[in-house]
Amino acid sequence: MARSLDDLLAEGVAGRRVLVRTDLNVPLDKQTRAITDDGRIRASLPTLQALRDAGARVVVAAHLGRPKGAPDPQYSLAPVAERLAELLGTPVPLAGDVAGEDARAKAGALGDGDVLLLENVRFEAAETSKDDAERGELADRLAALADVYVDDAFGAVHRRHASVFDVAQRLPHVAGRLVAAELEVLTRLTTDPERPYVVVLGGSKVSDKLAVIEALLPKVDRLLVGGGMCFTFLAAQGHGVGRSLLEADQVDTCRRLLAEAGDRIVLPLDVVVAPEFSADVETAIVPAEEIPDDRMGLDVGPRTVEAFGRELADARTVFWNGPMGVFELAPYQAGTRGVAEAVAAVDGLSVVGGGDSAAAVRQLGLDEAAYGHISTGGGASLEYLEGRELPGLTVLEDGGEG
């Protein structure tokens, strides 16, 4: 069992430097580099504020995007530092490097309650290296910046990265508030969930969700499938799917899953189709088994929203991961909006499984407070539900000694 932030606070952190790995991987507008969704930054605040209030000298490590192991201005955390400062109500300087000379100087100059943000940890190739020694060298430099380590980056705990895994081996360590909250919810989903237990899966590819489908099917009462992945299931039923996204190599697998699950897998009844992937073309709603050969499905239709709503109406536990359509384009938002509203209305535990689902809730202007929990880690949530070992969590469970 990992030690908690409260355990650390009880010991006292005033005057101590605390390295906090957070998940600040927020989307940016490509032209202006303005943050378009600050949800992950806001999710980091409870841990950071608790440490500040206790007089810690806080050094924050985080990544943004996928730079190629070297400094790249388009992936700088500068916009994140600015927004974090606004939300915390205190200056948050940005180090000019990850764990180099500037980071050491700025960390050494911190006063009690101050916060420093290190530059994007993925500017160092060693962060994501498969070589233990390379990661270890970076972890040594990061660990030298602090006296204790707090992992609050749930969205990265499935990665064996230097700032997630190796640093925790070098410093006394605890789980932050966000990681603890995510684990509490996921434990409820995996150990004796209140029933009926309904899972809603969307997104583009069956292959991305196959492992979680296999893991969840024996545990759920119903599995509702939308998004691009539904077309491979429809093809497995013998229906034509036109020019819709199709993973031909997964059709046999979907056929087997349908046979094993019986009526517990629920597929769309109708879909919104268009001649091409665009917001500026004529759309139509057709039965799911009658998609024209020259059209592609880009959202679930209103009958599907109603049907999925009925399946969710009596649910006591719901996990939703993946949009029902291409919600980024206005003509294909209704399916995701309708299903999201049905999930929000559930009388019980409703969990939004991070990633595009969490982004959809915010982009569509839905009330985040209507959900029991909105995860910050799509990939980490799915891997936990699959029963896989997550390196960033296992390394926290050795009693907290560095």
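Our subject is the structure listed above.
None of the values given here were measured: they were computed from a predicted structure.

Draft legend 1. Geometry of helix H10 (residues 251–261). Turning to H10, its buried residues are Val-251, Thr-253, Cys-254, Leu-257, Leu-258 and Ala-261. End-on view of H10: buried residues confined to an arc of 160°, all on one side of the axis. The exposed residues of H10 that point more than 90 degrees off its buried face are Asp-252 and Ala-259. Elements in contact with the buried residues of H10: helix H8 (206–216), helix H9 (230–236) and strand S8 (265–266).

Draft legend 2. A look at unusual backbone geometry. In this chain, Arg-195 is followed by Pro-196 through a cis amide linkage whose omega measures 5°. Structurally, Pro-196 is set in the loop between helix H7 (177–190) and strand S6 (197–201). Not every positive phi belongs to a glycine, and Arg-33 is a case in point at roughly 60°. Within the element layout of this structure, Arg-33 appears in the loop between strand S1 (17–21) and helix H2 (39–53). Overall, the relative accessible area of 23% leaves Arg-33 in the partly exposed class.

Draft legend 3. Examining the nonpolar core more closely. Counting 75 residues, the largest nonpolar core has Leu-19, Leu-118, Leu-142, Leu-223, Phe-233 and Ile-265 as its most contacted members. The leading source of residues in this core is H9, at six residues. Those residues in contact with Phe-233 that sit more than four places away from it in its chain are Val-206, Ile-213, Val-225, Cys-254, Leu-257, Leu-258, Ile-265 and Leu-267. Among the nonpolar cores identified, the runner-up in size contains 29 residues, and Leu-5, Ala-56, Leu-88 and Val-115 belong to it.

Draft legend 4. Examining the environment of His-63 more closely. By secondary structure assignment, the location of His-63 is in the loop between strand S2 (57–61) and helix H3 (78–88). Of the residues examined, His-63 reaches a relative accessible area of 5% and is grouped as buried. Spatially, the C-alpha atom of His-63 lies 38 Å from that of Asp-252, the residues being 189 residues apart in sequence.

Draft legend 5. Just the packing of aromatic side chains, in detail. Scanning the model with the defined rule gives zero aromatic pairs in all. Over the face of the ring belonging to Phe-165 we find Arg-160, whose NZ or CZ atom lies 4.0 Å from the ring centre.

Draft legend 6. Representation of the pattern of salt bridges. Inspection of every chain in the model, using the stated rule, returns 28 salt bridges. Between Glu-127 and Arg-21 there is a salt bridge whose closest N-O contact spans 3.7 Å. With Glu-127 in the loop between strand S3 (115–117) and helix H5 (132–143) and Arg-21 in strand S1, this residue pair connects regions lying 106 residues apart in the sequence. Like Arg-21, Glu-127 is buried. The salt bridge partner of Asp-37 is Arg-362, with a shortest N-O separation of 2.7 Å. Taken together, the residues span a long stretch of sequence, with Asp-37 in the loop between S1 and H2 and Arg-362 in helix H13 (residues 355–363) at a distance of 325 residues. Relative accessible area serves as the criterion here: at 24%, Arg-362 is assigned to the partly exposed category.

Draft legend 7. Seen up close, H3. Those residues of H3 lying buried are Pro-79, Val-80, Ala-81, Leu-84, Ala-85 and Leu-88. Packed against the buried residues of H3 are H2 and S3. Of the residues trailing H3, Gly-89 is marked for its positive phi of about 70°.

Draft legend 8. Representation of the pairing of S2. In terms of residue burial, S2 counts as a mostly covered element, since four of its five residues are buried. Handedness of the crossover joining S1 and S2 through H2: right-handed. Examined bridge by bridge, S2 and S3 share three bridges and lie parallel to one another. Looking at the pairing, Val-59 lines up with Leu-116 of S3.

Draft legend 9. Summary view of the sheet that holds strand S10 (residues 284–287). Sheet architecture is open: three strands sit in the order S10-S9-S11, paired in antiparallel fashion. Single-partner strands in this sheet number two, and they are S10 and strand S11 (296–300). Neighbour-to-neighbour, the strand axes of the sheet open up by a mean angle of 45°, direction not taken into account. Pairing of strand S9 (residues 270–274) with S10, which is carried by four bridges, proceeds in the antiparallel orientation. From the neighbouring strand, Val-273 faces S10, where its bridge partner is Ala-284.

Draft legend 10. Fine view of the sheet that holds S8. Reading across from one edge, S8-S7-S6-S12-S13-S14 is the order of the six strands in this open sheet, with parallel pairing throughout. Two strands lie at the open edges of the sheet, namely S8 and strand S14 (373–374), each paired on one side alone. Lying over the sheet, H8 contacts S6, strand S7 (222–225) and strand S12 (317–321), oriented at roughly 170° with respect to S6.

Draft legend 11. Geometry of the packing of H7 against helix H14 (residues 378–385). One way to put it is that H7 packs onto H14 with a least axis distance of 10 Å and a crossing angle of 35°. Handedness of the H7/H14 crossing: right-handed. Here Leu-183, Leu-186, Thr-187, Leu-189 and Thr-190 of H7 lie close against H14, whose contacting residues are Ser-381, Tyr-384 and Leu-385. Along the lines of polarity and charge, the residues of the contact of H7 with H14 split into five nonpolar, three polar and no charged.

Draft legend 12. Layout of the side chain of Gln-333. Relative to the helices and strands, Gln-333 resides in the loop between S12 and helix H12 (334–344). The buried category is assigned to Gln-333, whose relative accessible area is 18%. At a separation of 3.0 Å, a polar atom in the side chain of Gln-333 contacts the main-chain carbonyl oxygen of Phe-327. Sequence-distant contacts of Gln-333, defined by excluding residues within four places in its chain, comprise Asp-299, Phe-327, Glu-328, Gln-363 and Leu-364.

What counts, and at which threshold
Residues numbered from 1 in each chain as written. Predicted model: local features only at pLDDT ≥ 70, side-chain atom pairs only at ≥ 80, totals over all residues. Heavy atoms only, no water. Buried < 20%, exposed > 50% of the residue type's maximum accessible area, 1.4 Å probe, protein only. Helix = DSSP H or I, 4+ residues; strand = E, 2+ residues; numbered from the N terminus. Arc of directions from axis to C-beta. Contact = heavy atoms within 4.5 Å. Core = buried A, V, L, I, M, F, W, Y, C linked by side-chain atoms within 4.5 Å. Phe/Tyr/Trp six-rings, centres within 6.5 Å; stacked < 30°, edge-to-face > 60°. Lys NZ or Arg CZ within 6 Å of the ring centre and 35° of its normal. Salt bridge = Lys/Arg side-chain N within 4 Å of Asp/Glu carboxyl O. Right-handed = clockwise from strand over helix to strand, strands pointing away. Pairing = 2+ DSSP bridges. Axes fitted to C-alpha atoms, helices over the stretch in contact; angles between N-to-C directions. Left-handed = near helix turned anticlockwise from the far one by under 90°. Nonpolar A, V, L, I, M, F, W, Y, C, P; charged D, E, K, R; others polar. Polar contact = N/O pair within 3.5 Å; in protein donor to acceptor, adjacent residues only side chain to side chain.

Shape descriptors only; they carry no functional weight alone.
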